[in-house]
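For reference, the chains in residue letters:
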Amino acid sequence: MAQTLLVLNGPNLNLLGKREPGIYGGQTLADVEADCAREAGAHGFELSFHQSNHEGVLVDWLHEARENAYGVVINPGAYAHTSIALRDAISAIAPVPVIEVHISNIHAREPFRHHSTIAPVAAGMICGLGPIGYRLAIQALAARR
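Residues numbered from 1 in each chain as written. Predicted model: local features only at pLDDT ≥ 70, side-chain atom pairs only at ≥ 80, totals over all residues. Heavy atoms only, no water.

Asks: Is there a simple way to think about the packing of helix α3 (residues 55-68) against helix α4 (residues 84-92) in this case?
Replies: When two helices pack together, their arrangement is given by the angle between the helix axes and the distance between those axes. Between α3 and α4, the least distance of the axes is 9 Å, while the angle of their chain directions is 5°. As summarised for this structure, α3 and α4 are arranged roughly parallel, according to the angle between their axes. On α4, the residues that touch E55, L58, V59, L62, H63 and R66 of α3 are A85, L86, A89, I90 and A92. The residue makeup of the contact of α3 with α4, split by class, is eight nonpolar, one polar and two charged. (Axes fitted to C-alpha atoms, helices over the stretch in contact; angles between N-to-C directions. Helix = DSSP H or I, 4+ residues; strand = E, 2+ residues; numbered from the N terminus. Parallel < 35°, antiparallel > 145°, perpendicular 65-115°, else oblique. Contact = heavy atoms within 4.5 Å. Nonpolar A, V, L, I, M, F, W, Y, C, P; charged D, E, K, R; others polar.)

As structure tokens, this is what we get:
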């Protein structure tokens, strides 16, 4: 049976392709999901891909990952800068590895985006490379096997 990779997307990522294309590009979230499915399949993983604008829903999915996932790729969106709840949920599911992804370079944007509450408890962070960051995160998780 294939191991499952969970890909979680936080607030406003449902608007990819429409919201600020100069920052986030033209790919939709459905395009990102298709890319992730191909990459996960190439490494023998099944993919579970979700998006929510609600912090508690993301926390619930992280809790489920503790029992059901090999690893997690999370683009927490703006919650990266504010959510202690997501940070604590990621800590709680250890040793499940979590890779934080951001489409834009959070360090080259507004100062409030420079800090991530997620980074200290994640296995790694990929930012600023556009949607390919999701595929790179999947490759990084595959390399951990």
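Asks: I'm lost on the sheet that holds strand β4 (residues 98-102) in this one. Help?
Replies: Spatially, five strands are ordered β2-β1-β3-β4-β5 in an open sheet, and the strand pairing comes out parallel. Looking along the sheet, the strands with just one partner apiece sit at the ends: β2 (45-51) and β5 (124-127). Here the strands of the sheet are splayed against their neighbours by 20° on average, with no regard to which way each runs. Sheet topology places strand β1 (residues 3-9) next to β2; seven bridges connect them, and they run parallel. Looking at the pairing, Q3 lines up with F45 of β2. Set on the sheet, helix α2 (residues 29-42) makes contact with β1 and β2; between it and β2 the angle comes to about 160°. Set on the sheet, helix α5 (residues 132-143) makes contact with β1, β2, β3 (71-75), β4 and β5; between it and β3 the angle comes to about 160°. (Pairing = 2+ DSSP bridges.)

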